[in-house]
Each structure stands twice: as structure tokens, then as C-alpha cells.
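# A look at the structure
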Amino acid sequence: MTGFPTGLLFDEALAIAREVSARHRLEAETLALSRTHGRVLAADLRAPIALPPFDNSAMDGFALRHVDLHEGEVPLRLSGEQFAGRALGLTVGEGECVRITTGAPMPAGADTVVIKENAREEHARIDGDQVVVPGDIALGANVRKAGEDVAAGDLVLSAGQWLSPARVSLAASLGVSSLPVTRKPTVAVFTSGDELVQPGMPLAPGEIYDSNRDLLMGLLRADGLEPTAWPRLPDDPRAVEIALRDAACAFDLIITCGAVSAGEKDHIPSVVETFGQIHFWKVRMKPGMPLLFGSMDQARILGLPGNPVSVFATYLGLGRAVIDGLQGRTEPRPMEWAQLVAPIDKSHPRREFMRAQVFCDERGVLRADPNPAVGSHRLRAVADSNALIIVPDGPQRLAAGEVVQVLRYA
Ligand SMILES: Nc1nc2c(c(=O)[nH]1)N[C@H]1C(S)=C(S)[C@@H](COP(=O)(O)OP(=O)(O)OC[C@H]3O[C@@H](n4cnc5c(N)ncnc54)[C@H](O)[C@@H]3O)O[C@H]1N2
Ligand code: MOO
């Protein structure tokens, strides 16, 4: 098998994964705002109105004209009430004030609000109720100005951003009722290997329980997708071919795990090569070296290595980039830096993804404690950790205290 890139540096593989998936970006669909949570925005959003839309009070109290204030206490005539809701068109004249609540539109003429607790109401005066206010209130106090948060026409959300609850809520505050978002990829998940048994069934000698299915389904669901798990693939080339070709015409992304390395039963690369195209196979990363990325029919296909820790690292390191590319997400995923608690001595040249516990110490410094259980079969270390340390390409001797890049997952 030849004619495709192999033995790539991690960054080279990542660039191909991004380029191919961006080229196969899914179409946009317009959804009601309440259904856009977690999706990727497909077009820029400019503010159709200003926020706040009008000058309004930040507190419950009395709206007044600052020019009427002077030293000491100031008596003002209460000329009306404006509560949050429709504007009554009131005007505050000389020596007057209007009772106001939080969020209510400022009456014309008023420029300042005194909070209720600092005012004294005196009732049944001949010429109406009187409100006595302190004279030392700052001009504009407790007033929220129209447009101080967002001006009409501002670019508030950009294509390629993911829609967090705050972003969806910002669109709602602007009166936007639907947004164009990229369609979510449909994903088929396959595990493979004759040794695999579903949890709950008895194990025969040589068999193990299938743990990768739940790992992948959980990772994909945590990324907002609704993956479909297919029955486990047997180590039979014809069965692998039929299942993958079937899925490739129905799904946007196929994720397999296992059967992608050098063994006699590793049929996935030859099926992808025969019925599709391999974009790359084998990446200089640890774990996850046998990783394959290709296309078949309408689907992109990620052939993850079978070892559970390899599945985890390749999904977070490269699989997610494919999912982001298909959805047109250009906003980078958050990446952090932490100080090593213990040294790392890496003699191989591959980029390594090491399990670690990342925590914030008493001085507020983010620190990373590498898990000593190396080996891509040791799933427990992933479950006991909350981050992957990304150890750069090439041999590395990193002392305790050195700063490393970390990818938090829990
Ligand atoms: N001669 C070579 N041998 C191996 C190479 C190599 O380059 N040359 N690569 C090694 C590396 S690195 C890895 S990673 C594995 C990957 O092999 P495959 O992707 O072909 O995966 P399998 O052989 O099918 O499985 C590997 C390992 O993982 C277990 N496994 C598989 N699926 C599941 C599952 N769903 N749940 C739990 N455990 C699973 C499987 O039983 C094996 O132990 O190959 C090395 N060998
Ligand atoms: O790269 Mo394999 O994934 O080391 O075990």
C-alpha cells in the first residue's frame, strides 16, 4: 500500500485533517434560537438594535434632573411613576422627580437616579407628595445608557464561533429568533476485533470487554453530537468492507477503533484504500501512532488505533479537529499551560500525550502531575487523570517546574 502520506509529524497530520474536513464542511441550516445551543454559527451576526435599547434605570428609586441638586438635602415634587414596561412618555420638570424601577425607561429631562434607600418620602403635602434626596449624587448615577453595551450594527457574533449559552442569550437580547448554523455531522462508531465482548456477557479465555465503544460514544456526546454505534466488526475483511461501505454512504463521519495497525487482522486500511482514499496513515504521536484518516463515499473516516488510551488521545488530538472542520468551527479550542510537578524524560521523537492531574496550587499556579502509568492499554490512568500533557516532538528532558501545554478533559 503506497501513494498516501505516512509517518507524518503530528502537526502535518493535523493540517491535513483540518484542510480535508474544512473542504467537506457541512451545509448551513437555519434553526430557531432555542435549538442552536452548542452549534457552530454559519454567518456573522450584526446587532439589529442597540443594547440597552434605551436609557434606563439601574436601580429602584427616583429619576431626577442633576441640575436641581445643591448642597444638603433637596426636596423634589413627585410628578409621576414609571415602572419597567412600556414608556409612559413622562417628563421631569424643574424641581421634580419620578418614581422609577430597575429597567424602567428614563423619563425625558431626567439624567440621574437616586436609590430608594437614600430618599425620604413625605406624603400629603398641599402641592403633592415630596421626596427629599441627598444633594451629593453624581451626574448620571444609576442610569444605564442606550447602546453602552452594544451599538446597533456592531459585529456581535462571528461565523465559526460555537454558540455558548451566553452567545445564544446575546442573540435573544437583540431580538434575533433564529440563526444559521452548520449542520451537525452524523457519526457512525465501530469497534472491531474478535476478542471483544459486550459488558454483561461472560468472558471466554482470551476475550476482553469492549470499552472503546463507551469511550467514543461519551466523547462524541460530550462534544454535542448524537453518534450511532454499529455492531462490533469481526476480524473478517468482507464483513469490514460491507459495514464500512454501508456506513460511508449514510454518515458524514465514520470512526473505527482497532484493526488499523500491522497485524494480519488489521483490515481497515486496505478497505479504505480500495473503496476510498487514505489522506494519511501513521502519525508520529504516542500513543496513537497507527492512526488513519481517509474518505469513503460521502464520509470522512477516522481509523483510530484499538488501544483505549490511543483512542482517547487521537480523538482529542485529531478527531475533534475533524469534527470542528466539518462544522466550520474556526474558534480554537481552549489550551492551557501548567508547571510540571515531576520531571518528564522522553527519548523517542514522537509527540506524546501524557495523562496527568492538573490542579491549581495554593499560590494560584496551574500545575500538572504526570500519571506514572504509561502504556496505551492502561485506561485507569485516563480515568484517574483530568488532562493530557502535550510533550513536544523530539527527545525532551523537562525538569519539574517547567511549563508544558495541557489539554484538560475533565
Ligand atoms: N508489529 C506492530 N505491531 C503493532 C504496531 C505496529 O506498528 N507494528 N502498533 C502498535 C500500536 S502503537 C498500537 S496502538 C496497536 C494498534 O493496533 P490496532 O489499531 O490494529 O488495534 P488492535 O490490534 O485491534 O487492538 C489493539 C489493542 O486494543 C485492544 N482493543 C481493541 N479494541 C478495543 C475495544 N473496543 N475495547 C477495548 N480494547 C480494545 C485490543 O484487544 C488490543 O489489545 O498495535 C500495536 N501493535
Ligand atoms: O501508539 Mo499505540 O497507540 O502506542 O499504543
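Keep in mind that what you see is a predicted model, and the values were worked out from it rather than measured.

### Observations concerning the overall build of the protein chain
Counting its secondary structure elements, the protein chain contains 7 helices and 28 strands. Computed over C-alpha atoms, the radius of gyration of the protein chain comes to 31 Å, more than 25% over the 22 Å expected from 2.2 N^0.38 for 410 residues, which places it beyond the range of a compact globule. Projected onto its principal axes, the C-alpha positions of the protein chain cover 100 × 50 × 45 Å.

### Examining the nonpolar core
Counting 66 residues, the largest nonpolar core has Leu216, Ile254, Ala368, Ile389 and Val406 as its most contacted members. Per element, the largest residue contribution to this core is 10 residues, and it comes from helix α6 (residues 308-326). Both domains that meet at this core, namely domain 1 (6-26 + 184-326) and domain 4 (336-408), each give it at least three residues. Grouped together as the second largest cluster of nonpolar side chains are 19 residues, Val98, Val114, Ala119 and Val133 included.

### Overview of the site of ligand 1
Taken together, 26 residues form the shell around ligand 1, and within it Asn212, Gly258, Ser261, Pro305 and Gly306 come nearest. Only α3 (212-222) and α6 provide two or more residues apiece to the shell around ligand 1.

### Focus on the UniProt feature "domain: MoaB/Mog" (unreviewed entry) in the protein chain
The feature "domain: MoaB/Mog" (unreviewed entry), as annotated in UniProt, sits at residues 188-325 in this numbering. Along residues 188-325, the helical share is 36% and the strand share 26%, with 17 Å between the first and last C-alpha atoms.

### Section: the site of ligand 2
What surrounds ligand 2 is the set Lys286, Pro287, Gly288, Met289, Pro305, Asn307, Ser310 and Ser376. In the shell around ligand 2, the residues fall into 3 nonpolar, 4 polar and 1 charged.

### Here we look at the domain arrangement of the protein chain
Each assigned domain of the protein chain is listed here: domain 1 (6-26 + 184-326), domain 2 (31-50 + 150-181), domain 3 (56-144) and domain 4 (336-408). Each of domain 2 and domain 4 has a C-alpha centre, and these two points are 37 Å apart.

### Here we look at the pairing of strand β25 (residues 366-370)
Across 2 bridges, the pairing between strand β22 (residues 336-340) and β25 is parallel. Bridge pairing in β25 links glutamine 339 to arginine 367. Sheet topology places strand β24 (residues 351-360) next to β25; 5 bridges connect them, and they run antiparallel. Note that in β25 the partner of glutamine 357 across the bridge is aspartate 369.

### Focus: α3
Within the sequence span of α3, burial applies to Asn212, Arg213, Leu215, Leu216, Leu219 and Leu220. The buried residues of α3 occupy one face: seen down the axis, they fall within an arc of 165°. Exposed side chains of α3 directed beyond 90 degrees from the buried face belong to Gly218, Arg221 and Ala222. Summarising the contacts, the buried residues of α3 are in contact with β14 (187-191), β17 (228-229), β18 (253-257) and α6. Looking one or two residues beyond α3, the residue adopting positive phi is glycine 224, at roughly 85°.

### Considerations on the packing of helix α4 (residues 237-248) against helix α5 (residues 268-275)
Running from N to C, α4 and α5 cross one another at 55°; their axes reach a closest spacing of 10 Å. In terms of orientation, α4 and α5 fall into the oblique class. In the crossing of α4 with α5, the sense of the turn from one axis to the other is right-handed. Of α5, the residues touching α4 (which contributes Val240, Glu241, Leu244 and Arg245) are Ile268, Val271 and Phe275. By residue class, the composition of the contact of α4 with α5 is 5 nonpolar, no polar and 2 charged.

### Details of the sheet that holds strand β7 (residues 96-100)
With mixed pairing, the 6 strands of this open sheet are ordered in space as β8-β5-β7-β6-β10-β9. With partners counted over all chains shown, the strands left at the sheet margins are β8 (112-115) and β9 (120-122), one partner each. Strand after strand, the sheet turns through a mean of 40° between neighbouring axes, direction not considered. Sheet analysis places β9 next to strand β10 (residues 130-134), joined by 3 bridges and oriented antiparallel. Counterpart to glutamate 121 in the pairing with β10 is valine 131.

### Some words on unusual backbone geometry
Cis geometry is found at the peptide bond from leucine 51 to proline 52, where omega equals -15°. By the secondary structure assignment, proline 52 is in the loop between β3 (45-46) and β4 (56-57). Non-glycine residue asparagine 142 carries a positive phi angle of around 60°. Take asparagine 142: it is sitting in the loop between β10 and β11 (143-144). Here the phi dihedral of alanine 259 falls at roughly 60°; this positive angle occurs in a residue that is not glycine. Inspection of the secondary structure assignment puts alanine 259 in the loop between β18 and α5.

### Concerning the packing of helix α1 (residues 10-23) against α6
Running from N to C, α1 and α6 point in directions that differ by 25°, and their axes come no closer than 7 Å. Between α1 and α6, the crossing angle belongs to the class labelled roughly parallel. Classified by chirality, the crossing of α6 by α1 is right-handed. Contacts between α1 and α6 involve Ala13, Leu14, Ala17, Arg18, Ser21 and Ala22 from the former and Leu318, Ala321, Val322, Gly325 and Leu326 from the latter.

### Observations concerning the environment of alanine 338
Its location among the elements puts alanine 338 in strand β22. When the 22 C-beta atoms within 10 Å are taken as the criterion, alanine 338 is described as buried. Measuring from C-alpha to C-alpha, the distance between alanine 338 and arginine 367 comes to 4.7 Å, with 29 residues separating the pair along the chain. With near-sequence residues (within four places) excluded, alanine 338 lies in contact with Val358, Leu366, Arg367, Ala368, Val403, Val404 and Val406.

Thresholds applied
Residues numbered from 1 in each chain as written. Chains lettered and ligands numbered in written order. Predicted model: local features only at pLDDT ≥ 70, side-chain atom pairs only at ≥ 80, totals over all residues. Helix = DSSP H or I, 4+ residues; strand = E, 2+ residues; numbered from the N terminus. Rg over C-alpha atoms; globule rule 2.2 N^0.38 Å. Core = buried A, V, L, I, M, F, W, Y, C linked by C-beta atoms within 7 Å. Buried ≥ 20, exposed ≤ 12 C-beta atoms within 10 Å, placed from the backbone. Domains from an automatic or database assignment. Near = placed C-beta within 6 Å. UniProt positions renumbered as here; feature names shortened; annotations may be inferred. Nonpolar A, V, L, I, M, F, W, Y, C, P; charged D, E, K, R; others polar. Pairing = 2+ DSSP bridges. Arc of directions from axis to C-beta. Contact = placed C-beta atoms within 7 Å. Axes fitted to C-alpha atoms, helices over the stretch in contact; angles between N-to-C directions. Parallel < 35°, antiparallel > 145°, perpendicular 65-115°, else oblique. Left-handed = near helix turned anticlockwise from the far one by under 90°.

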